[in-house]
Amino acid sequence: NTIKDLIDKYCPDGVEYKKLGEICERIKGTPITAAIMKQIQVENGDIRIFAGGKTFINTNEEKIPNANITRVPAVIVQSRGIIDFIFYDKPFTFKNEMWAYTNSNIFTLRYIYYFLKTKVRSLRTTAAKMGSMPQISIPSTEKIEVPVPPLPIQREIVRILDSFTSLEAE
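Below you will find a few notes about this structure. Just so it is clear, the structure is predicted and the values come from calculations on it, not from any experiment.

**Topic: the overall build of the protein**
Then comes step 1: Secondary structure assignment for the protein yields seven helices and nine strands.
Then comes step 2: The buried share among the 170 residues of the protein stands at 41%.
Then comes step 3: Residue pairs at least 24 apart in sequence account for 68% of intrachain contacts in the protein once pairs closer than 6 positions are excluded.
Then comes step 4: Surface accessibility of the protein: about 9700 Å² in total, with carbon and sulfur atoms responsible for 51%.
Then comes step 5: Considering the protein, the positive charge centre built from 23 side chains and the negative charge centre built from 19 side chains are found 6 Å apart.

**Notes on the sheet that holds strand β2 (residues 25–27)**
Then comes step 1: Spatially, the four strands line up as an open sheet ordered β2-β8-β5-β6, and their pairing is antiparallel. Single-partner strands in this sheet number two, and they are β2 and β6 (84–88). Looking at each pair of strands side by side, their axes are set apart by 30 degrees on average, direction ignored.
Then comes step 2: Here β2 pairs with strand β8 (residues 99–102) via three bridges, running antiparallel. Bridge pairing links arginine 26 to tyrosine 101 in β8.
Then comes step 3: Against the sheet, helix α4 (residues 106–117) touches β5 (74–78), β6 and β8, its axis set at about 160 degrees to β6.

**A short note on unusual backbone geometry**
Then comes step 1: Even without being a glycine, asparagine 66 presents a positive backbone phi close to 55 degrees.
Then comes step 2: Among the structural elements, asparagine 66 can be located in the loop between β4 (56–59) and β5.

**Description of the packing of aromatic side chains**
Then comes step 1: Scanning the model with the defined rule gives seven aromatic pairs in all.
Then comes step 2: Taking the centre distance of 5.1 Å and the plane angle of 80 degrees together, the rings of phenylalanine 50 and tyrosine 88 count as edge-to-face. On the criterion of sequence distance, the pair formed by phenylalanine 50 in strand β3 (residues 47–50) and tyrosine 88 in strand β6 is long-range, its members being 38 residues apart. Just as phenylalanine 50 is buried, tyrosine 88 falls in that class too.
Then comes step 3: Between phenylalanine 50 and phenylalanine 92, the ring centres sit 6.1 Å apart and the planes meet at 80 degrees, which makes this aromatic pair edge-to-face.

Rules used in this analysis
- Residues numbered from 1 in each chain as written.
- Predicted model: local features only at pLDDT ≥ 70, side-chain atom pairs only at ≥ 80, totals over all residues.
- Heavy atoms only, no water.
- Helix = DSSP H or I, 4+ residues; strand = E, 2+ residues; numbered from the N terminus.
- Buried < 20%, exposed > 50% of the residue type's maximum accessible area, 1.4 Å probe, protein only.
- Contact = heavy atoms within 4.5 Å.
- Areas by Shrake-Rupley, 256 points an atom, 1.4 Å probe, with all protein chains shown as cover.
- Lys, Arg positive; Asp, Glu negative; His and termini not counted.
- Charge placed at Lys NZ, Arg CZ, Asp CG, Glu CD.
- Pairing = 2+ DSSP bridges.
- Axes fitted to C-alpha atoms, helices over the stretch in contact; angles between N-to-C directions.
- Phe/Tyr/Trp six-rings, centres within 6.5 Å; stacked < 30°, edge-to-face > 60°.

Here it is in structure tokens:
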């Protein structure tokens, strides 16, 4: 009811849609191999490196060759193998076959993350048609049409979904 009331108040004529590439900045990863990741892994490292699938390591920044560290919250696109999205808000980088999106407003970014999670199934279906290794491309994500309601509506959606996610984790 709260969201319906907010929609009635802030967007009685409907919600505007924008392409993901128009509302977020795309971030590039770090050129790094699985072998190097194994060599530089540090159990309590301050930087996380995401790789394909559900793989990641922790390490320290000085150990990463040609590091491109992201220090703002972002939505990471797992683009090969397991197609998915990860919201991450601590310093990180990722293998350069992946990419991430950021936005200056944390509520908008979390809202976009939750919206993208609704697209996983269809993206996986598309990715499965790409050959032996399921994958999606940058243009396929940049073109995703995202409903962009006013910020109060985004905040409420994020609040509800964060609460639900927290309860589900418990």
